[in-house]
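An overview of the molecular structure
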Amino acid sequence: MTSTEPSTIAELIKDCADLPDSLRSSSAVVPQQRAAAPWRVSEANTAQVREMDDYGC
């Protein structure tokens, strides 16, 4: 049985270098960064850990 998977990092690099340009280049645009939505902890969540010292509630 012949393995088509590279067994060394050198083989992996060679395999990647052999990829056609059409597969390596991407026309996808990276989206602009945006601020993360604020998150809140509900009273129900706080109640779940209230008695646990590790959470400092």
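Remember, it's a predicted structure, so these values are computed and weren't measured experimentally.

1. Some details on the overall build of the protein chain
Counting its secondary structure elements, the protein chain contains three helices and zero strands. N-terminal to C-terminal, the α/β element order of the protein chain is α-α-α. Counting across all 57 residues of the protein chain, residues that qualify as buried make up 2%. When the accessible surface of the protein chain is summed, it comes to about 6000 Å², and 56% of that surface belongs to carbon and sulfur atoms.

2. Overview of the pattern of salt bridges
Inspection of every chain in the model, using the stated rule, returns one salt bridge. With a shortest N-O distance of 2.5 Å, Glu43 and Arg50 are connected by a salt bridge. Taking relative accessible area as the criterion, Arg50 reaches 37% and is therefore assigned partly exposed.

3. Quick look at a nonpolar patch on the surface
Judged by side-chain polarity, Ile9, Leu12 and Ile13 come together as a nonpolar surface patch covering roughly 300 Å² of accessible area. Relative to the assigned elements, Leu12 resides in helix 1 (residues 9-17). Classification of Leu12 as partly exposed rests on a relative accessible area of 38%.

4. A short note on the confidence of the model for the protein chain
Caution applies to low-pLDDT parts of the model: their predicted coordinates are not meant to be read in detail. Per-residue confidence for the protein chain gives a mean pLDDT of 81; residues scoring 70 or more make up 82%. Averaged pLDDT values over the elements of the protein chain bottom out at 72 in helix 2 (residues 21-24) and peak at 88 in helix 3 (residues 43-49).

Thresholds applied
- Residues numbered from 1 in each chain as written.
- Predicted model: local features only at pLDDT ≥ 70, side-chain atom pairs only at ≥ 80, totals over all residues.
- Heavy atoms only, no water.
- Helix = DSSP H or I, 4+ residues; strand = E, 2+ residues; numbered from the N terminus.
- Buried < 20%, exposed > 50% of the residue type's maximum accessible area, 1.4 Å probe, protein only.
- Areas by Shrake-Rupley, 256 points an atom, 1.4 Å probe, with all protein chains shown as cover.
- Salt bridge = Lys/Arg side-chain N within 4 Å of Asp/Glu carboxyl O.
- Patch = residues over 30% accessible without salt bridge, like charges linked within 9 Å, V, L, I, M, F, W, Y side chains within 5 Å.
- pLDDT = per-residue confidence, 0-100.

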